[in-house]
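Summary of structural features
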Amino acid sequence: MLSIKSALAKPFAKIVFNRIQKWAKNPIETQEKVFQDLISKAAETEFGKNHDFISINSYHDFIKRVPVRDYEDIKHYIEKVVAGKENVLWPDKPIYFAKTSGTTSGSKYIPITKESMPYHIEAARNAILLYIHETGNSKFVDGKMIFLQGSPILDKKNGIQLGRLSGIVAHYVPKYLQKNRLPSYETNCIDDWETKVDAIVEETLPENMTVISGIPSWVQMYFEKLQQKTGKKVGDIFKNFNLFIFGGVNYEPYRAKFENLIGRKVDSIELYPASEGFFAFQDKRNEKGMLLLLNSGIFYEFIKADEFFSENPKRITIKDVELGVNYVMIISTSAGLWAYNIGDTVEFTSLKPYRVIVSGRIKHFISAFGEHVIGKEVEHAMLDATTGTSIRITEYTVAPQITPNEGLPYHEWFVEFENEPDDLLGLAKKIDESLQKQNSYYFDLINGKVLQPLKITKIKKDGFQEYMKSIGKLGGQNKIPRLSNDRKIVEVFPQLNLVK
């Protein structure tokens, strides 16, 4: 028999489904309304005055006045907000800063406003409600749900609360889910990830777990600890576990491993959240892609990825996007980000409604575990470790090792030395320490025992040249990527006898 909560979930899910259909079936008008609303509300801010928002009457006017920028380009505005100034990027002050890993200058502070915060919460809730509407399955709301996330303990910066997005969101779990939600607040506040997971295992083992949510790499560690403790598959421990909610990284490399750990298939919902906004969620189980959220205080622009670095790349709205094209996604939001490049690339899998998959990053990166390591950080780490030594590097590239023969996953650095170090392990340790200092996500993964420190694999003399020759890209402007999010490049190295 269904509980009252479970019974009420179905009509509520239908109401939300109908609301979403209304804007999903009128995408162009919906985005135009969002655009006009954002411009009018921010017209009297410092950014709005500097860019003559009062004179913007069309998207064409916006393009002329507001260039595409990334974090470094708007950092001088952000610094004023961090210092406590009002009405800089958006009216008043933000209510939070989501602290994320920086690219060239340490941490980034992404504003979250009283207008933008509700959309983060609504989107996660609506993803679950649309699943209920599609499947008719609402029994899971009576069981226990776990959300593996960062600590909800927040710092303050000039009166504005500061923390990881997942820690901020933890404060907004609705009352009707509070009794169902795990881990406990005390466990969620544990800093050391390994200790935290052990505590989560103890708390959840006796419970009727029905929903498990988190970044796949974190959840995998939790599943493995459950299995180590009990000798059972996760699906046997939690008989009613039937829904896995994930986001943050590509799930496909983990899928087979997860099904083995669980011992059976479970339904899943993919989300596309970020500190800058909640952009999409999976609205249909058998459709590829996630529904792009067009009515959530975000105005979207797109630039073809292969044109992005040209002098004047063409900016378009959803009206002009095509299926299967790799686009850089640009956003303007009710948190005060304007024509902002978040660095992600997306492809549309459907135009009625608009659905996307995340196809990667506009620059080379590694985020196989949610670490968001970029080329600049890798290069800086190598420079840090070798400056002042006799070590000389000819070439290198970095790839994730997701399934090592033993031990935890790690980043594998393939290095061709002109002058080798006396202590290879010492060099690896220095590089790793530098990377941890630069990138808080990577630091957390190492500290939390999700990754082990990086390993160096030596490449023979002229090995990279041989590789480039083998793919027809030796010489000219062709360069080997400093890092990749998969092993497509490096998997051929042993076949070509390039490893020393």
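We now turn to the structure provided with this report. All values reported here derive from a predicted model rather than from experimental measurement. (Residues numbered from 1 in each chain as written. Predicted model: local features only at pLDDT ≥ 70, side-chain atom pairs only at ≥ 80, totals over all residues. Heavy atoms only, no water.)

With respect to the overall build of the protein chain
When you go through the protein chain residue by residue, the secondary structure sums to 17 helices and 20 strands. Taken along its principal axes, the extent of the C-alpha atoms in the protein chain is 65 × 65 × 45 Å. Per-residue burial for the protein chain yields a buried fraction of 52% across its 500 residues. Within the protein chain, residue pairs in contact and separated by at least 24 positions form 67% of the contacts whose partners lie at least 6 positions apart. (Helix = DSSP H or I, 4+ residues; strand = E, 2+ residues; numbered from the N terminus. Buried < 20%, exposed > 50% of the residue type's maximum accessible area, 1.4 Å probe, protein only. Contact = heavy atoms within 4.5 Å.)

A closer look at the pattern of salt bridges
On inspection of all chains with the given rule, the structure shows 21 salt bridges. With its nearest N and O atoms 3.5 Å apart, the salt bridge here joins Arg65 to Asp52. Of the two residues, Arg65 is situated in helix H4 (residues 59-65) and Asp52 in the loop between helix H3 (46-50) and H4; the sequence distance between them amounts to 13 residues. For Arg65, a relative accessible area of 26% translates into the label partly exposed. For Asp52, a relative accessible area of 31% translates into the label partly exposed. The closest approach of N and O atoms between Glu301 and Arg315, which form a salt bridge, is 2.9 Å. Taken together, the residues span a long stretch of sequence, with Glu301 in strand E12 (residues 298-304) and Arg315 in the loop between E12 and strand E13 (327-333) at a distance of 14 residues. By relative accessible area, which is 1% here, Glu301 ends up buried. Judged by its relative accessible area of 12%, Arg315 falls in the buried class. Each member of the salt-bridge network shares a partner with another, and the members are Glu46, Lys80 and Lys85. (Salt bridge = Lys/Arg side-chain N within 4 Å of Asp/Glu carboxyl O.)

So, the sheet that holds strand E4 (residues 155-157)
Spatial ordering of the open sheet is given by E2-E1-E5-E4, a layout of 4 strands whose pairing is mixed. Only two strands of the sheet have a single neighbouring strand rather than two, namely strand E2 (108-112) and E4. In this sheet, adjacent strand axes meet at a mean angle of 35° when their direction is disregarded. Across the sheet, helix H5 (residues 71-82) is in contact with strand E1 (96-100), E2, E4 and strand E5 (160-163); its angle to E2 comes to roughly 65°. (Pairing = 2+ DSSP bridges. Axes fitted to C-alpha atoms, helices over the stretch in contact; angles between N-to-C directions.)

Points about the pairing of strand E8 (residues 243-246)
Neither face of E8 is open: one carries Leu243 and Ile245, the other Phe244 and Phe246, and all of them are buried. As defined by bridge partners, strand E7 (residues 209-213) adjoins E8 across 3 bridges and the pair is classed as parallel. For Val211, the partnering residue across the bridge sits in E8 and is Leu243. Examined bridge by bridge, E8 and strand E9 (residues 267-274) share 4 bridges and lie parallel to one another. Looking at the pairing, Leu243 lines up with Asp267 of E9.

Focus on unusual backbone geometry
For residues other than glycine, phi is negative in most cases, and the peptide bonds are mostly trans. With an omega dihedral of -5°, the bond running from Leu182 to Pro183 counts as a cis peptide bond. Within the secondary structure, Pro183 is located in the loop between strand E6 (181-182) and helix H9 (185-188). Note that the residue after Lys352, namely Pro353, is joined by a cis bond; omega there is 0°. In this fold, Pro353 is placed in the loop between strand E14 (340-351) and strand E15 (354-361). Non-glycine residue Asn158 carries a positive phi angle of around 50°. Following the sequence through the fold, Asn158 ends up in the loop between E4 and E5.

Here we look at the sheet that holds strand E19 (residues 410-419)
Taken in spatial order, the 3 strands make up an open sheet running E18-E19-E20, and their pairing is mixed. Both edges of this open sheet fall to strand E18 (392-401) and strand E20 (455-458), since each of them pairs with a single strand only. Neighbouring strand axes in the sheet, compared pairwise and without regard to direction, differ in orientation by 30° on average. The sheet contact formed by E19 and E20 spans 4 bridges and is parallel. In the sheet register, Phe414 faces E20, and the bridge partner there is Thr457. The strands that helix H17 (residues 463-470) touches are E18 and E19; relative to E19, the one it contacts most, it runs at about 110°.

Comments concerning helix H11 (residues 216-230)
For H11, spanning 15 residues, the distance from its first C-alpha to its last is 21 Å, which sits close to the expected 21 Å at 1.5 Å a residue. If you check which residues of H11 are buried, you get Pro216, Ser217, Trp218, Val219, Gln220, Met221, Tyr222, Phe223, Lys225 and Leu226. Within two residues after H11, Gly231 carries a phi angle of roughly 75°, on the positive side. (Expected span 1.5 Å × (residues − 1).)

Some thoughts on the packing of aromatic side chains
Considering all chains together, one arrives at 27 aromatic pairs under this definition. Ring centres of Phe464 and Phe493 lie 5.8 Å apart, and the angle between their planes is 90°; this geometry places the pair in the edge-to-face category. Of this pair, Phe464 sits in helix H17 while Phe493 sits in the segment after H17, placing them 29 residues apart in sequence. Judged by its relative accessible area of 4%, Phe464 falls in the buried class. (Phe/Tyr/Trp six-rings, centres within 6.5 Å; stacked < 30°, edge-to-face > 60°.)

Purely geometric numbers; function is a separate question.
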